[in-house]
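# Understanding the architecture of this molecule
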Amino acid sequence: MSHITLTESAAYEVKDMLEQNDMEDGYLRFKVQGGGCTGLTYGMGAETEQTDKDEVYEFYGVKVLVDKYDIPVIDGTVIDFKQSLMGGGFTIENPNATLSCGCGSSFRTNEVAGEPGDC
């Protein structure tokens with residue numbers, strides 16, 4: 001039972017970015033932090049090691065770290081990568097988000113509102 005899902009196309013992009021940064025054995029960190037126009041924002045970045053606070057998931061050869069504290073607000077989230085004529089980018093579909101704003105990376109849930117800030 002997975003709390004998040006990284007699609008095959010997203011995993012391919014992450015794997016490519018890790019390789020370009022000489023981090024083939026690295027992890028993708030997916031996190032939630034305060035801020036944004038609705039209170040919470042998503043963050044993603046490369047990490048070289050996990051901590052004892054992390055839950056580790058693996059999708060298509062990519063290891064994803066999520067702080068156990070963040071799991072309730074991201075449970076069921078799907079991270080995808082979509083390509084279009086205007087370029088490509090990661091999309092995040094979170095079934096727990098009850099409000100989001102135009103920037104697409106800010107949200108809140110019924111249980112966690114966060115601290116709104118600039119988008």
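Here's what I pulled together on the structure shown here. (Residues numbered from 1 in each chain as written. Predicted model: local features only at pLDDT ≥ 70, side-chain atom pairs only at ≥ 80, totals over all residues. Heavy atoms only, no water.)

So, on to the sheet that holds strand β6 (residues 77–84). Reading across the sheet, the three strands line up as β1-β6-β7 and stay open at both edges, with mixed pairing between neighbours. At either margin of the open sheet sits one strand with a lone partner, and together these are β1 (4–6) and β7 (87–93). Within the sheet, the average angular offset between the axes of one strand and its neighbour, ignoring direction, is 20 degrees. With three bridges connecting them, β1 and β6 associate as parallel partners. Bridge assignment links Thr5 to a residue of β6, and that residue is Val78. Across the sheet, helix α1 (residues 8–20) is in contact with β1, β6 and β7; its angle to β6 comes to roughly 75 degrees. (Pairing = 2+ DSSP bridges. Helix = DSSP H or I, 4+ residues; strand = E, 2+ residues; numbered from the N terminus. Axes fitted to C-alpha atoms, helices over the stretch in contact; angles between N-to-C directions. Contact = heavy atoms within 4.5 Å.)

Moving on: the pattern of salt bridges. Tallied over the entire structure, the rule returns three salt bridges. The shortest N-O distance in the salt bridge between Glu47 and Arg29 comes to 3.8 Å. Separated by 18 residues along the polypeptide, Glu47 in strand β3 (residues 39–47) and Arg29 in strand β2 (residues 27–35) bring together distant segments of the chain. For Glu47, a relative accessible area of 29% puts it in the partly exposed group. Ionic pairing is found between Asp80 and Lys82, a salt bridge with its closest N-O pair at 4.0 Å. It is possible to trace a salt-bridge network through shared partners that takes in Arg29, Glu47 and Asp54. (Salt bridge = Lys/Arg side-chain N within 4 Å of Asp/Glu carboxyl O. Buried < 20%, exposed > 50% of the residue type's maximum accessible area, 1.4 Å probe, protein only.)

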